[in-house]
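Residues per chain are reported as follows:
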Amino acid sequence: HLFQMYPTTTTALFLLSLPLFLTLANAGWLSSLLNPTETTPPSSNIQTPPNKNSNTAFLKWFTDNGGYVNPAITLAVFEMYGRGLAVKENNAVSHLEVLFSAPSNLILTKAKIMSSYGEDAAAQIAAEVVNDDYAIALELCVQCALGEMSTWGPYLDVLPSHVSNLETFSSAELALLESPSLEKLGKQMQERTARQYSKVEGLIRKMAEVTAEKIGMPKTEIKDSCLAFESFRHYTSIVGSRAMVISGEKHLTPLADMPNYEPKNDGRTMANGQDFMKYHVLGDDGSMTVKSDRDFGSGQQVFEDYGDNPNSLYLEAHGFVPFSNPFDCADVPNPPIANDDVLSVMKKLKIVEGPQNYCPPACVKSDGVIEANTRSYAYYAVAALAKFPTKLKYCAVNMEDPAYAGSACIRWGGNKVAVAELVVEAAQEATKNFETGIAEDEKLAKTFEGNEALAVMYRLSKKRILFDVASSVAASPGEKKVKALSDDPTPLVEKVEKFNAFIESLNFPVNYLTAYVAGAEQRVGTKANRNIVAGEPYITVPNVAVMSSDTAETDSDLVNDLIGRGKSMNDDFHTLLFFTMYERFVSKRKSKWWPYLTLLPTLEDYQEYHPNFFSDSKLEGLLGSPLREKILANQGKIKRQFNGVSGDVAVLEAFGKAWTEENYTWAMTVLDSRSIWWSGKRHLVPLLDLINCQQGPEGSTVHATNLDSSGDNAVTLAPWSFKEGEQVFENYGQPNHIYFLFHGFVLESNMHDCSLVTASIGPNDVGAADMDELKRRMQEGGFNSYSAEFCVSEDNVEEETKKFMNFMSIKNGVAKAGVEVGVEHIEAQLRKYPEGVVEPLADDVGFDEKCMRSIVEGEKNMLRLVLSELERGGGAGEL
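Here is what the cut-offs are and how they apply
Residues numbered from 1 in each chain as written. Predicted model: local features only at pLDDT ≥ 70, side-chain atom pairs only at ≥ 80, totals over all residues. Heavy atoms only, no water. Pairing = 2+ DSSP bridges. Helix = DSSP H or I, 4+ residues; strand = E, 2+ residues; numbered from the N terminus. Buried < 20%, exposed > 50% of the residue type's maximum accessible area, 1.4 Å probe, protein only. Phe/Tyr/Trp six-rings, centres within 6.5 Å; stacked < 30°, edge-to-face > 60°. Lys NZ or Arg CZ within 6 Å of the ring centre and 35° of its normal. pLDDT = per-residue confidence, 0-100. Contact = heavy atoms within 4.5 Å. Salt bridge = Lys/Arg side-chain N within 4 Å of Asp/Glu carboxyl O. Axes fitted to C-alpha atoms, helices over the stretch in contact; angles between N-to-C directions. Parallel < 35°, antiparallel > 145°, perpendicular 65-115°, else oblique. Nonpolar A, V, L, I, M, F, W, Y, C, P; charged D, E, K, R; others polar.

1. Observations regarding the sheet that holds strand β9 (residues 260–261)
Here comes step 1: Pairing is mixed across the open sheet formed by four strands, whose spatial order is β4-β5-β12-β9. Looking at which strands have only one partner, the edges of the open sheet turn out to be β4 (73–78) and β9.

Rendered as structure tokens:
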């Protein structure tokens, strides 16, 4: 787990992972390309040779100036690493434990530097210094020039004596990289720094003299060598490799640049550096607190995982090439496009641009994976359509509609396998162009020193990836498999028995139900333990016997703090989610709710039938359906919410290793599919949420649960009558697309069913030319979104068609849209479904496929019904 560095070793680097095409951007990319609200970590190399006495002096300086250092750690010198953090003997550091905290007065920024000088110098800095790196480098030059009089001396003493970043490479050394983009970047870095120094040469002298006068130091004692170009270039490299970007501003933070690099290899996916930022917290007072990203024992070196970065970024700014980096990738050439239809799609979706149809090369990992949701992945996915004429035709039909283009042209079923095959072919082509192989480069790396060795090590890391990919066989990734909750292997029958005993202990005022194993797709259900009469209370549950934001309380103060915060923010959903996750994944058998929670479907159960876990291929059964887009959107929402909440360090501290995307998705699915509402809040109600859904007989009612007059109990009335021993059902009162989206089933007989007809207003529509008029007409028409849905059934087709035509009138900016406008739109929606004869489903087809077929056929039938309604003159727009 060491990283190679010639001739020196390296230490800390923290850098928020940006999209790969940004890693080779021009100077100032880190400051200018980040969203001002994002945060980017620092980086460093180590001083050679490290001085143990300077370590002691630095730590004393750090704490004397208000810094905090965990008493269990210290600075130490390590073979192959140099200076780094270490756990003291007979001590230990745990995951998320605070390592140190740097106060605001020990953090350098351009704004602070400008405020410390007079107006003239500050104005000159603002006008002539092009970025934060150079501004902070100026101050370091000044502090160097002050010598022993500098208050920053102990920090300067532990800074690297050399940073082997690209700016220090000669032309010959840059050529050894065998990377035209990095070679060009290295030369640009050198030219920029030289131009900047020519502008500020006089300013550095002025700043040094102003500071010397403030501290009573004769100007004659200023060290001129510290103000020279070589010093400026050195400190520019220091800042570029060590400072972190916070809210769009560079911060140079002592001690935050000391831990050495070692990946956690925790299997996480790239998440734009969010994992790193869990452990680096900016306080309201401007301080920076750094926490341990794993456990460390007595005498161990304290490492950090710097984030989701490829080796090119580490070499570019920080001057090292890691031996092991799970996020490294190598550029592969984009496969040429010979198919005019494919090229047309790429141009329409703006995947390629310019006369040369340019798209940045894909950066592929050793497993052959290109990051999803990138322009490069889109290129490969569309390019692969050349081998699938039917899918290409389907893409061409749908690419004009933004709501469908992504799923039709990129996330089509089988895209992952096809992309993997193209990547292997591209890697094979790339390896043919190498002048030297891996064995030869390994020999050269041992022969060379310094930057030459670094260059060869870098190109070696890329060649290893490409040769690995080129020699692999693209295999089908299959359906995504998730870990089962195997911490309770108890048979289902036994779980149900324990659950019934648990329910008995809760003393429901009324309970005419018993849980049992229902089998088949229903898994667990309820049956009547006595005759139940329609309209009578058949289950009454005390508020204290349900899981809700009101009853949420755990044995963890940290989780209870989260719950309290959620309540104060009226975030009922996450309050209940935190409660449920903690009881299920942390408390487990100690939880009061365990007999209930362990009876719920596991991740593995949900994978078999719930759309939250369906792959693109599995969703092929919904091609053309608006429901497919809803499912994909819901999957994306869950991922975004998890990533967003994961940025809260309090959540990580509260849940520890139990906080995973899998567990979060499980909890989201449970809440979305099982929550029962009353008084405006969701509740998880043991036993009541085991009642399965069915269309009731004539005169039956839709499920409803309400509080009794005391407000202490939730009462549910029987929707129809049941005999003792019969399975009890409820009618949830929803159309099949809602059942499938949130529950994973459809009803063959469903009086509430209807099929979606969709329409949207875009910026290029005539009706959107006057936004004030558009909003007025939308409000008058009762539409609250520019994307409208009409749920059509045989019973409401006339009414829904009329609403649809009113919307189309607004979309087209006319008082009354002609029938042909509606017909054209409905026919276009019908064309989104794959062409050809629909084959009968095989006898052994899965339940999920049957559900999807039922939904799609229902949608097409309703669209044809709308066409008939339009053709007979119904649904004329009136607005």
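2. Examining unusual backbone geometry
Here comes step 1: At N90, a residue that is not glycine, the phi angle is positive and equals roughly 65°.
Here comes step 2: In this structure, N90 sits in the loop between β5 (82–87) and β6 (98–102).
Here comes step 3: Here the phi dihedral of N373 falls at roughly 60°; this positive angle occurs in a residue that is not glycine.
Here comes step 4: Mapped onto the fold, N373 is located in the loop between β15 (362–364) and α13 (375–384).
Here comes step 5: A residue is classified by how much of its surface remains accessible, and N373, at 78% relative accessible area, is exposed.

3. Let's talk about the packing of aromatic side chains
Here comes step 1: Scanning the entire structure with this criterion turns up 41 aromatic pairs.
Here comes step 2: Joined through ring pairs, the aromatic side chains of F578, Y582, F642, F655, W659 and Y664 make up one cluster.
Here comes step 3: The lysine or arginine in question, K214, covers the ring of Y117, its NZ or CZ lying 5.6 Å from the ring centre.
Here comes step 4: Directly above the aromatic system of Y404 lies the positively charged group of K832, at a separation of 4.4 Å from the ring centroid.

4. Overview of the pairing of strand β11 (residues 288–291)
Here comes step 1: Along β11, one buried face is formed by M288 and V290 and the opposite face, lined by T289 and K291, is buried too.
Here comes step 2: In this structure, β6 lies alongside β11, joined through four bridges in antiparallel fashion. Its bridge partner being in β11, V98 is matched across the sheet by K291.

5. Some words on the pairing of strand β25 (residues 713–717)
Regular strands show a simple pattern: their side chains alternate between the two faces of the sheet.
Here comes step 1: The element β25 is extensively covered by neighbouring structure, given that four of its five residues are classed as buried.
Here comes step 2: Sheet topology note: the strand β24 (residues 705–707)/β25 ladder contains three bridges and is antiparallel. Its bridge partner being in β25, T705 is matched across the sheet by T716.
Here comes step 3: Count of turn residues in the β24/β25 antiparallel hairpin: five residues, of which G711 carries a positive phi of about 80°.

6. Quick notes on the confidence of the model for the protein
Here comes step 1: Put simply, the protein has an average pLDDT of 88, and 91% of its residues get 70 or more.
Here comes step 2: pLDDT under 50 marks residues 1–49. Its contacts with residues more than four places away, or in other chains, come to 194 contacts.
Here comes step 3: With pLDDT under 50 throughout, residues 475–485 is counted as low confidence; its partners more than four residues away or in other chains account for 23 contacts.

7. Description of the pattern of salt bridges
Here comes step 1: The tally for this structure, following the rule as stated, stands at 46 salt bridges.
Here comes step 2: K463 serves as the salt-bridge partner of E178, at 3.4 Å between the closest nitrogen and oxygen. Residue E178 is found in the loop between α7 (171–175) and α8 (180–214), and its partner K463 is found in helix α18 (residues 450–470); the two are separated by 285 residues along the sequence.
Here comes step 3: Its relative accessible area of 37% is what places E178 among the partly exposed residues.
Here comes step 4: Between D266 and K264 there is a salt bridge, with its nearest N and O atoms 3.6 Å apart.
Here comes step 5: Each of K264, D266, R268, D275, K278, D305 and D308 takes part in a single network of salt bridges with overlapping partners.

8. Some details on the packing of helix α28 (residues 771–781) against helix α29 (residues 797–811)
Here comes step 1: Two elements in contact, α28 and α29, have axes separated by 10 Å at closest approach and are oriented at 170°. Considering their axes alone, α28 and α29 lie roughly antiparallel with respect to each other. Along its contact with α28, which presents L774, R777 and M778, the element α29 presents F807, S809 and I810.
Here comes step 2: Grouping the constituent residues of the contact of α28 with α29 by class yields four nonpolar, one polar and one charged.

9. A short note on the sheet that holds strand β20 (residues 547–548)
Here comes step 1: With antiparallel pairing, three strands are arranged side by side in an open sheet as β20-β22-β21. Two strands lie at the open edges of the sheet, namely β20 and β21 (676–678), each paired on one side alone.
Here comes step 2: Where β21 and strand β22 (residues 681–684) come together, three bridges link them in antiparallel fashion. Pairing of W677 across the sheet is with R682, part of β22.

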